[in-house]
Amino acid sequence: MISNILFMVSIGLQLTAAIYALLLIRITGRKLAWILISTALFLMAWRRIVSFISILTTGKHVSLDIPEVIALIISILMLLGVLLIRDYFRSINLADARRKKAEEEIKRTVAELKRSNEELQQFAYIASHDLQEPLRMIASYLQLIERRYRGKLDKDADEFITFAVDGANRLQDMIMGLLAYSRVETRGKPFEDVNAAEILGNAISNLKIIIEENGAVITAGSLPVIRGDENQLIQLFQNLIANAIKFKSEKPPYIHISAERKDAEWLFSVKDNGIGIAQEYKERIFNIFQRLHGREYPGVGIGLSICRRIVEKHGGKIYFESEIGKGTIFYFTIPIKENGKT
Amino acid sequence: MNNRDNGKPIVILLVEDNPGDVRLIQEVLKEAKVKNDLHVVYDGVDALAFLRREGKYKDVPRPDMILLDLNLPKKSGHEVLADIKADENLKQIPVVILTVSKNDEDIIKSYNLHANCFITKPMDLNQFLNVVKAIEDFWFTIVKLPPNRNNK
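Residues numbered from 1 in each chain as written. Chains lettered and ligands numbered in written order. Predicted model: local features only at pLDDT ≥ 70, side-chain atom pairs only at ≥ 80, totals over all residues. Heavy atoms only, no water.

Undergrad: Report on the layout of surface pockets, specifying residues and quantitative values.
TA: Residue and element names in this part refer to chain A. Its boundaries defined by the atoms lining it, the largest pocket holds a volume of some 980 Å³. In this structure, the largest pocket is lined by 39 residues; those nearest its centre are Asn243, Lys246, Pro298, Gly299 and Gly303. Of all the elements, helix 7 (residues 230–246) adds the most residues to the lining of the largest pocket, at 8 residues. For the lining of the largest pocket, the residue count by class is 19 nonpolar, 13 polar and 7 charged. (1 Å grid on protein atoms, 1.4 Å probe; cavity = no way out; pocket = protein on both sides within 12 Å on 5 of 7 lines; lining within 4 Å. Points joined across faces, edges and corners; volume = space filled by probe spheres on them. Helix = DSSP H or I, 4+ residues; strand = E, 2+ residues; numbered from the N terminus. Nonpolar A, V, L, I, M, F, W, Y, C, P; charged D, E, K, R; others polar.)

Undergrad: Summarise the sheet that holds strand 3 (residues 65–68) of chain B; cite the residues concerned and give the values.
TA: Residue and element names in this part refer to chain B. Spatially, 5 strands are ordered 2-1-3-4-5 in an open sheet, and the strand pairing comes out parallel. Every other strand in the sheet has two partners, leaving strand 2 (36–41) and strand 5 (117–120) as the edge strands with one partner each. Adjacent strand axes in the sheet meet at a mean angle of 20 degrees, parallel and antiparallel pairs treated alike. Direction of pairing for strand 4 (residues 95–99) relative to strand 5: parallel, over a ladder of 4 bridges. When the sheet's bridge partners are listed, Val96 is paired in strand 5 with Cys117. Helix-sheet contacts for helix 1 (residues 19–30) involve strand 1 (10–15), strand 2, strand 3 and strand 4, and the interaxial angle to strand 2 is about 180 degrees. (Pairing = 2+ DSSP bridges. Axes fitted to C-alpha atoms, helices over the stretch in contact; angles between N-to-C directions. Contact = heavy atoms within 4.5 Å.)

Undergrad: So what about the packing of aromatic side chains? Which residues, and what values?
TA: Aromatic ring pairs are reported here in terms of the distance separating the ring centres and the angle at which the planes meet. All names here are of chain A. In the structure shown here, the tally under the stated rule is 8 aromatic pairs over all chains. Judged by centre distance (5.7 Å) and plane angle (70 degrees), the ring pair of Phe237 and Phe332 falls under edge-to-face. Note that Phe237 is positioned in helix 7 and Phe332 in strand 7 (residues 327–335), a separation of 95 residues in sequence. Aromatic side chains Phe286 and Phe330 sit 6.3 Å apart centroid to centroid with 85 degrees between the ring planes, which places their arrangement in the edge-to-face category. Of this pair, Phe286 sits in the loop between strand 5 (265–271) and helix 8 (303–313) while Phe330 sits in strand 7; the two residues are 44 residues apart in sequence, bridging distant segments of the chain. Given a relative accessible area of 4%, Phe286 falls into the buried group. Clustering of aromatic rings is evident, with ring pairs tying together Phe237, Phe268 and Phe332. A cation over an aromatic ring shows up here: Arg309 above the ring of Tyr181, its NZ or CZ 4.4 Å from the ring centre. (Phe/Tyr/Trp six-rings, centres within 6.5 Å; stacked < 30°, edge-to-face > 60°. Buried < 20%, exposed > 50% of the residue type's maximum accessible area, 1.4 Å probe, protein only. Lys NZ or Arg CZ within 6 Å of the ring centre and 35° of its normal.)

This is how it looks when you write it as structure tokens:
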């Protein structure tokens, strides 16, 4: 009696399993369909399959006297197994989908950053380039007025013209400075091996006039071959040397350039005997249009910003040590790259 | 023979859309040593009409030199240059590109189209004066220009 009831329950469960299997096919899709269908069929027919195999192998009908309870447990275990397999596949799919989504998100963000960075560079370049056109008009006509009418109007007018011309010239210098600053990115060339001694030689020859005018003496230790953008490195040395000369003390400027190897980078130093810089300005001095002096020193305050941008583009750092009245040493680092790597 | 030799002024066609630049060049040329007759057109289409003496330009003289800006309305400076250099009647006239562009592509393209020289407008008035003086010295004093065949 009990075994009959158990048998009925077992049949019922097997049927239920088959129905679930069909439902699962709908939910999970085609991949698992065959596993589930064959499992359900097996659950319903395993007894007959076993006796069929036993006839094939031993030639006689073996009645498998497995209690219905065990059959039930096996059926349930198999169903659970199928469900576990299904969950496993589903979780893999889910994790895969999540990973793909995250990857896409990162890709999108990188593209977005790249685009906005490019846009910014373009903006700086276009703004400074296009701003020059109207400014050229203002400056040219002010200069024309100055040229034609200086001394022909009253003293006030001459003074006003001087201020206006001066303002236009300064604005022009600032725009040119911004243009030069933005060009560090937009006009950069691929890095190659360059001899720092030659770079320094070029910078010095570009500064020939101010070096001679100020009686500056420039010496250098032995300098290495480094990887970088030749023109930008020339500009870097040029700006640092020009600054050393501009901010000279009463003594004639003496500037020494040297380089030493520190781990995986070259540490360059440009040492002068100028007026020195207070430590409190160690950050500010590298910011665009930030100046520590008034009109007694010409310039708009872009030279060191360009230096920092060039050094950072080469993967290095720039900073200084200074003593007021004694002089300043500007340091910058350029990473040493193995051959073949960029 | 060059115009200058028989006392006639040098005829210059300036193709420039910025009135500020036009006036500046006029002012600078006023101070020039060589007598000159400056004609101004403001776009590329008018430039070619002037050179071919079409429409309202039927009585204009043939220029001894063309000062050509690149950024022009209607027809760009490069297009005007290409048309001039493709025209049997016009191609001997020296064309000086005078523009704000410092762009390598613009420069190369101009010379490929047979521009006779390419000058970037300087920011500073004194440099601008020097440039116009240099044009004057080089093209009107040093260089022998082709004889002006059908000048009126």
